[in-house]
Amino acid sequence: MQLGLLVMFLFWAKTSLCVPQQNCHPGDEYLGRCSNSAYEEKPKCTELNLGYCNDMEYSRTIFPNILGHRTRLEAESGAEYLLLSVIHGLLNGECSPEIRLVGCSVLASPCRDDKMVKPCRSTCEALRKDCTHAFEAIEMAWPYFLDCDRFFASDQEGCFDPLAGLKARQEQALSSLSPQEPSTIIQFTYTSNAQMYSILKRTAAKCSHISHVYSIGRSTEGRDLLVIEFTNNPGQHELLEPEIKLVGNMHGNEVLGRQLLIYLAQYLCSEYILGNQRIQTIINTTRIHILASMNPDGYELAASEGHLLNGWTNGRTNAQNIDLNRNFPDLTSVLYRNRRSRHYRTDHIPIPDAYWFGKVAPETYAVMKWVRSLPFVQSASLHGGDLVISYPFDYSRHPLEERMFSPTPDEQVFKQLARTYADAHATMSNNDTERCGASFYRTRGIINGALWYSFAGGMSDFNYLHTNCLEITVELGCDKFPSEAELYPEWKRNKEALLSFLESVHRGIKGIVKDGNGNGIKDATISIRGVRKDVTTAEDGDYWRLLNPGTHIVTATAKGYSKVSKRVYLPHTMSKAGRVDFVLQKVPVEPDIDDHLFPTSDTWDRFDPYNQFEQYRDPDVGDSGREREEKPWWWNYFSQSGISPPTWLLRNV
């Protein structure tokens, strides 16, 4: 019995006194919550000698530090220090050097009289408020060692502000700036697809009150077709607020439009925050959708060659070798075949079932679903190869004529849209015969698409004939892949044109079509006398109709309701759309022969009737039977470094 008690005592003594506890979380040991050692080491001041922290405002630090690192070498070998060394690149320069400086103040806190001085909690809280969005944009959790409650102190406890010196230098630099210098800072370089996604996501997070990003689908190789939206109520359509879209990089090797749209997104966000009244008015009254790259796969190929080696066509098509601007349903030919029929509608033409038997690119499919799902009013597609604005129709009304003037019923409105961009551009509309695009100097930089050269299956013709949207094609310059040195000059040439185009959506008339009970009528038709192109109302009965100044007879109709017409005068001095509402009374529905001879509304809803693009995939299941979650792209920085992987940076852990 005594021998048994002795054995139990020796076992207890060995486990309690000789073996250190190994269950501490980072930082808990210093805070006294646990111990990883049987022997306590007295903290003492030492020279600050951490490479990425040597520019701190102090020269002495203390070990063990607050995270439990006992030596400088142990601190340098940790994931925390590695994160501080790469954070500038991961966040693409955002919140830099603030994140690094505050992180260093935790990793190597200042030391006075062998006592640690903790960084200020107020500094940490302000940093987290300003920079959380940058981590969210790359799907990274906020670092545990920047926990403002655990590792920081209040002003009353006596703390150190690691950003005090930086703030003082920034204030001095700002005081020396002249008022004329730009307040929005943009990095005018080319961006990879990963960088583009990161910039757009960070921009949306930074301006989350006016912006958000969403995907409309994926490319052939699985890359996101990412859209960033700007409006004062992001994520939903607002009654009477017009929707406008800008599309870039449809041809992967025409890269300038892609970069301009990335810069535009950053500019809109920054200038809105800075109080730019013009930008605030645009965003508060308009819903803007920007698809910077419709063909990220083609861009990947073009960018791999660079601007010096890239040919005229390398990367133009998608990964299936499909030219996306020839891949849309050819509704123009359908229109030409039926144009002599008095009853045939020239708007909202259904997609022929035969189209789905051809090769439809996933990028084309995604854009078609997108333009059908939102009530877009106008649009611009940004290309390269010349300096001109072209507008529909792009397909000649005579198939044997390669260059033939082929106007839409909205010829004058399209010309005005084209003029808006061309005249606001620095050089597009001038009469310099030596410039790029000199062949268009007589028309001051605009031309009917089919008169320039004819092609079928274009996106602009599809927008016009299948939806309410009027789209122009902007050819930004003769060089499809200009050098990086040209990006800033091109931004200066196009910035005003882009903003003017956004503002031009507030032209013509808008209103709501209601029934006798005040409820909006969906899919009511708005007709303009003398213009054989109608628009339809959105979900809540609101509509927008681009019109030039003058007198117009406007008629609202809907199946099962009366017809109402109004005379509208739009003066040249109008700076915003005129409001024209309609109230329609219910009437008995009478059979209409046109519904049988020329059906449109029912067949317009037929989209992908054979479910050709429904994609099914088996989930990636691990050994445990649970679906594997793909690690974010930045995980390789840590997993291949030889250190213990920092799972605390994963948001789903």
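Scroll up for the structure.
Residues numbered from 1 in each chain as written. Predicted model: local features only at pLDDT ≥ 70, side-chain atom pairs only at ≥ 80, totals over all residues. Heavy atoms only, no water.

(A) Structural view of the nonpolar core. Of all hydrophobic cores here, the largest spans 103 residues; its most connected members are Phe230, Ile290 and Trp370. Element by element, the count of residues in this core is highest for helix α8 (residues 256-274), at 11 residues. If near-sequence neighbours (up to four positions away) are discounted, tryptophan 370 is found in contact with Tyr214, Ile216, Val227, Lys245, Val247, His289, Leu291 and Phe376. In terms of nonpolar packing, the next biggest core, distinct from the first, is built from 52 residues, Ile87, Cys131, Trp634 and Ile643 among them. (Core = buried A, V, L, I, M, F, W, Y, C linked by side-chain atoms within 4.5 Å. Buried < 20%, exposed > 50% of the residue type's maximum accessible area, 1.4 Å probe, protein only. Helix = DSSP H or I, 4+ residues; strand = E, 2+ residues; numbered from the N terminus. Contact = heavy atoms within 4.5 Å.)

(B) A look at the pattern of salt bridges. For the structure on display, the rule yields 25 salt bridges. Notably, a salt bridge pairs arginine 316 with aspartate 323, separated by 3.0 Å at the nearest N-O pair. For arginine 316, a relative accessible area of 16% puts it in the buried group. A salt bridge links glutamate 539 to lysine 522; the shortest N-O distance between them is 3.4 Å. Taken together, the residues glutamate 539 in the loop between β15 (531-536) and β16 (542-545) and lysine 522 in the loop between β13 (509-515) and β14 (525-528) connect sequence positions 17 residues apart. A residue is classified by how much of its surface remains accessible, and lysine 522, at 44% relative accessible area, is partly exposed. Several salt bridges share partner residues, and in doing so they unite Glu221, Arg223, Asp297 and Glu300 into one network. (Salt bridge = Lys/Arg side-chain N within 4 Å of Asp/Glu carboxyl O.)

(C) Region of the structure containing the side chain of glutamate 363. Along the polypeptide, glutamate 363 turns up in helix α12 (residues 362-373). Nearest to the buried, unbridged glutamate 363 among oppositely charged side chains is arginine 223, at 8.0 Å. Not counting the four nearest positions on each side in its chain, glutamate 363 is found in contact with Ser219, Thr220, Leu225, Met294, Asp297, Asn318 and Leu324. (Lys, Arg positive; Asp, Glu negative; His and termini not counted.)

(D) A look at the pairing of β14. Pairing of β14 with β15, which is carried by three bridges, proceeds in the antiparallel orientation. Each residue of the ladder has a partner; that of isoleucine 526, found in β15, is valine 535. A loop of two residues connects β14 with β15, the two strands running antiparallel in sequence, and glycine 530 in this loop sits at a positive phi of about 90°. Bridging between β14 and strand β17 (residues 550-557) involves four bridges; their strand directions are antiparallel. Bridging across to β17, serine 527 finds its partner in threonine 555. (Pairing = 2+ DSSP bridges.)

(E) Fine view of the sheet that holds strand β10 (residues 386-391). Ordered in space as β5-β6-β8-β7-β9-β12-β10-β11, the eight strands form an open sheet in which the pairing is mixed. The two strands at the open ends of the sheet, each matched to only one other strand, are β5 (211-218) and β11 (446-448). Here the strands of the sheet are splayed against their neighbours by 20° on average, with no regard to which way each runs. The pairing of strand β7 (residues 243-248) with strand β9 (residues 376-383) spans six bridges and is classified as parallel. Bridged to leucine 246 within β9 is alanine 380. Here α8 sits on the sheet in contact with β6 (224-230), β7, β8 (287-291), β9 and β12 (470-477), set at roughly 140° to β8. (Axes fitted to C-alpha atoms, helices over the stretch in contact; angles between N-to-C directions.)

(F) Region of the structure containing helix α11 (residues 331-338). In terms of burial, α11 is a largely internal element, six of the eight residues being buried. As for α11, its buried residues are in contact with α15 (459-466). The distance from a side-chain oxygen at the start of α11 to the backbone nitrogen of threonine 332 is 3.4 Å, and the residue carrying that oxygen is aspartate 330. (Polar contact = N/O pair within 3.5 Å; in protein donor to acceptor, adjacent residues only side chain to side chain.)

(G) A look at the sheet that holds β17. The strand order across the open sheet formed by four strands is β15-β14-β17-β18, and the pairing between neighbours is antiparallel. Edge positions in the open sheet fall to β15 and β18 (564-570), since each of these has one partner strand only. Mean inter-strand twist for the sheet, computed between neighbouring axes without regard to direction, equals 25°.

(H) Expanded view of helix α16 (residues 487-503). With 17 residues, α16 extends 24 Å between its outermost C-alpha atoms, agreeing within 8% with the 24 Å of an ideal straight helix rising 1.5 Å per residue. Taken residue by residue, α16 has Leu487, Glu490, Trp491, Asn494, Ala497, Leu498, Leu499, Ser500, Phe501 and Leu502 as its buried positions. (Expected span 1.5 Å × (residues − 1).)

(I) Quick peek at the state of the cysteines. A full pass over the atoms with the stated rule returns seven disulfides. Between the sulfur atoms of cysteine 120 and its disulfide partner cysteine 159 the distance amounts to 2.1 Å. Across the S-S bond of cysteine 120 and cysteine 159 the torsion is about 90°, and the bridge reads as right-handed. Taken together, the residues span a long stretch of sequence, with cysteine 120 in the loop between β4 (115-116) and α5 (121-137) and cysteine 159 in the loop between α5 and α6 (164-175) at a distance of 39 residues. One disulfide in the model links cysteine 124 with cysteine 148; its S-S distance is 2.0 Å. Handedness here is read from the sign of the S-S torsion; for cysteine 124 and cysteine 148, about -80°, the answer is left-handed. In this pair, cysteine 124 sits in helix α5 while cysteine 148 sits in the loop between α5 and α6, placing the two residues 24 residues apart along the sequence. In this pair, the class of cysteine 124 matches that of cysteine 148, namely buried. (Disulfide = S-S within 2.5 Å.)

(J) Main features of unusual backbone geometry. The linkage connecting phenylalanine 63 with the following residue, proline 64, adopts the cis geometry, with an omega of -5°. Note on placement: proline 64 falls in the loop between β2 (60-63) and α2 (72-76). The omega angle of the peptide bond from serine 96 to proline 97 is 10°, so this bond is cis rather than trans. Mapping proline 97 onto the fold places it in the loop between α3 (79-90) and α4 (98-107). Phi is positive for leucine 240, which is not a glycine, with a value near 70°. Positive phi, normally seen in glycine, also occurs at asparagine 249, with a value near 60°.

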